[in-house]
Amino acid sequence: MNEMAKLLRRDPHMSVLSVITVAVIAFLIASLGGQFLSLNNLQSMAYQIPEFGLLAIAMALTMLTGGIDLSLIANAGLSGIVAAYFLSGAIIPTDGGMPTPMLVAIAVIAALLVATICGAINGLLIAKLSVPPILATLGTMILFTGIGMGITSGQGVVGFPESFLKFGSGSVLNVPYVFIVFIVFAIAAAVVLAKTKLGARIYLYGENQVALKFSGIRTERLIVQVYMVAGLLAGIAAIIIISRVNSAKVGYGDTYLLQAILVAVLGGVHPDGGRGKVTGVLLGLFLLQFLQSAFTLFSFTPYAKKLIWGCMLLLVMIINYYMEKWKTGESKFGFKTLLIRR
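Note that the coordinates shown come from a computational prediction; the quantities given were computed from them, not determined experimentally.

1. Here we look at the overall build of the protein chain
- Check the secondary structure of the protein chain and you find 16 helices and 4 strands.
- Across the protein chain, contacts joining residues at least 24 apart in sequence account for 78% of those joining residues at least 6 apart.
- As displayed, the protein chain has an accessible area near 16700 Å², and 67% of this comes from carbon and sulfur atoms.

2. Here's the deal with the packing of helix α6 (residues 100–127) against helix α12 (residues 219–245)
- Here α6 crosses α12 at 145 degrees, and the two axes come no closer than 7 Å. The interaxial crossing formed by α6 with α12 has right-handed handedness. Contacts from V108, A111, L112, A115, T116, G119, A120, N122, G123, L124, I126 and A127 of α6 reach α12 at E220, I223, V224, Y227, M228, G231, L232, G235, I236 and I239.
- Split by residue class, the contact of α6 with α12 holds 15 nonpolar, 6 polar and 1 charged.

3. Description of empty space enclosed by the protein
- Inspection of the entire model under this criterion finds 2 cavities of 30 Å³ or more.
- In this model, the largest cavity occupies a volume close to 90 Å³.
- What lines the largest cavity is I73, A76, G77, G80, I81, A238, I241, I242, A248, K249 and Y252.
- Secondary-structure elements contributing two or more residues to the lining of the largest cavity are α5 (72–87) and α12.
- For the lining of the largest cavity, the leading source of residues is α5, giving 5 residues.

4. Focus: the packing of helix α9 (residues 177–195) against helix α10 (residues 197–207)
- Axis separation between α9 and α10 bottoms out at 5 Å; the angle between their running directions is 75 degrees. With respect to their mutual orientation, α9 and α10 come out roughly perpendicular. Contact residues: α9 offers V192, L193 and K195, while α10 offers K197, L198, G199, A200, I202 and Y203.
- Considered class by class, the residues forming the contact of α9 with α10 number 6 nonpolar, 1 polar and 2 charged.

5. Comments concerning the nonpolar core
- By size, the foremost hydrophobic cluster in this structure holds 73 residues, and its most contacted members are L55, M59 and F182.
- The element best represented in this core is helix α4 (residues 39–64), accounting for 15 residues.
- Filtering out sequence-adjacent residues up to four positions away, L55 remains in contact with L72, I73, A234, A237, Y256 and A260.

6. Some details on the side chain of Q43
- Its place among the elements puts Q43 in helix α4.
- Judged by relative accessible area, which is 17%, Q43 ranks as buried.
- Looking at Q43, its side chain comes within polar contact range of the main-chain oxygen of N174, at 3.1 Å.
- Residues within four places of Q43 in sequence aside, it is in contact with S171, N174 and P176.

7. Some words on the layout of surface pockets
- Its boundaries defined by the atoms lining it, the second largest pocket holds a volume of some 300 Å³.
- Taken together, 15 residues form the lining of the second largest pocket, with I126, Y205, Q209, T219 and I223 sitting closest to its centre.
- Looking at the lining of the second largest pocket element by element, the count peaks at 4 residues for α12.
- When grouped by side-chain class, the residues that make up the lining of the second largest pocket number 7 nonpolar, 6 polar and 2 charged.

8. Observations regarding α12
- Compared with an ideal rise of 1.5 Å per residue, which puts 27 residues at 39 Å, α12 spans 39 Å between its outermost C-alpha atoms and is within 8% of the ideal.
- Burial of α12 is extensive: 19 of the 27 residues sit out of reach of the surface.

9. Regarding the packing of aromatic side chains
- Scanning the model with the defined rule gives 5 aromatic pairs in all.
- Taken together, a centroid distance of 5.7 Å and an interplanar angle of 35 degrees make the contact between F52 and Y256 tilted. Highlighted residues: F52 in helix α4 and Y256 in helix α13 (residues 256–266), separated in sequence by 204 residues. Take F52 and Y256: they sit in the same class, and that class is buried.
- With 6.0 Å between their ring centres and 85 degrees between their planes, F160 and F164 make a pair best called edge-to-face. The exposure classification of F160 matches that of F164, with both residues buried.
- By the ring-pair criterion, three or more aromatic residues cluster together here, those being F36, F286 and F290.

About the cut-offs
- Residues numbered from 1 in each chain as written.
- Predicted model: local features only at pLDDT ≥ 70, side-chain atom pairs only at ≥ 80, totals over all residues.
- Heavy atoms only, no water.
- Helix = DSSP H or I, 4+ residues; strand = E, 2+ residues; numbered from the N terminus.
- Contact = heavy atoms within 4.5 Å.
- Areas by Shrake-Rupley, 256 points an atom, 1.4 Å probe, with all protein chains shown as cover.
- Axes fitted to C-alpha atoms, helices over the stretch in contact; angles between N-to-C directions.
- Left-handed = near helix turned anticlockwise from the far one by under 90°.
- Nonpolar A, V, L, I, M, F, W, Y, C, P; charged D, E, K, R; others polar.
- 1 Å grid on protein atoms, 1.4 Å probe; cavity = no way out; pocket = protein on both sides within 12 Å on 5 of 7 lines; lining within 4 Å.
- Points joined across faces, edges and corners; volume = space filled by probe spheres on them.
- Parallel < 35°, antiparallel > 145°, perpendicular 65-115°, else oblique.
- Core = buried A, V, L, I, M, F, W, Y, C linked by side-chain atoms within 4.5 Å.
- Buried < 20%, exposed > 50% of the residue type's maximum accessible area, 1.4 Å probe, protein only.
- Polar contact = N/O pair within 3.5 Å; in protein donor to acceptor, adjacent residues only side chain to side chain.
- Expected span 1.5 Å × (residues − 1).
- Phe/Tyr/Trp six-rings, centres within 6.5 Å; stacked < 30°, edge-to-face > 60°.

The structure is reproduced here in structure tokens:
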């Protein structure tokens, strides 16, 4: 029992989240059996995870600094529209002799450039003008959505090359290309946060901005960099989205904003910053996707889905609260004392 207590004290949130995930998986296997573990269902989840998974990691990065990015979805929508105009031949005519791979490359670069610039705008508003992150990104969310709406007049942009669409629907050894891309960027984000000076500075900024500033670190540059990376991840998510649905339109992925925040919090990212890991975000992401898939198999209504998501978020937050109390020896229920005595 002492070993269990040590494990829980080391990382109480991950311990709780791991137990909940295992319990959910066991329940779904018992209830749905082979239907849940079927190749089609697993592949379906692998196609869906990258879209809001990248957005969740982007949200987690901004939350680690004590901020938030409400413009992520609008950013993804705008950058996806820019890519769509290139891919559809509206900017560079497809009959001009340009090779399709080059056209796709230009479209992807343009989308990522726009997404990164949008992230930089957020960072500059927050770092240089001291606008609170929630207000800055709320304003840019409306701005980016308005620009996308003005460009498209609310219409969808369609007509992409077949080779580009294969990126969103293709797979290798039954593993979707988009899932491989997601894993690569997730690993990169985890390594940056855990092993680099930039990651250490992000944690320190969220934990104590004043201490970081007096240590000689340029905090303004740090915030701009974080929001630019978040924007870049939103741009990659946009490429994945439009390659899967074969169109781009303002409003695609609007529900992902709530899911991104939910996954980040479920994964242990503290809203005040300074605490959280990519591994936790991934665990929360897979937990949410398992439930999403189960909702479909159980034929739940969208209203029931949001109800269960909200209940799960509140449950995890309540458990985390008491686990933190227990970890610091402040629990009113004597859990810590009971475990030590045993």
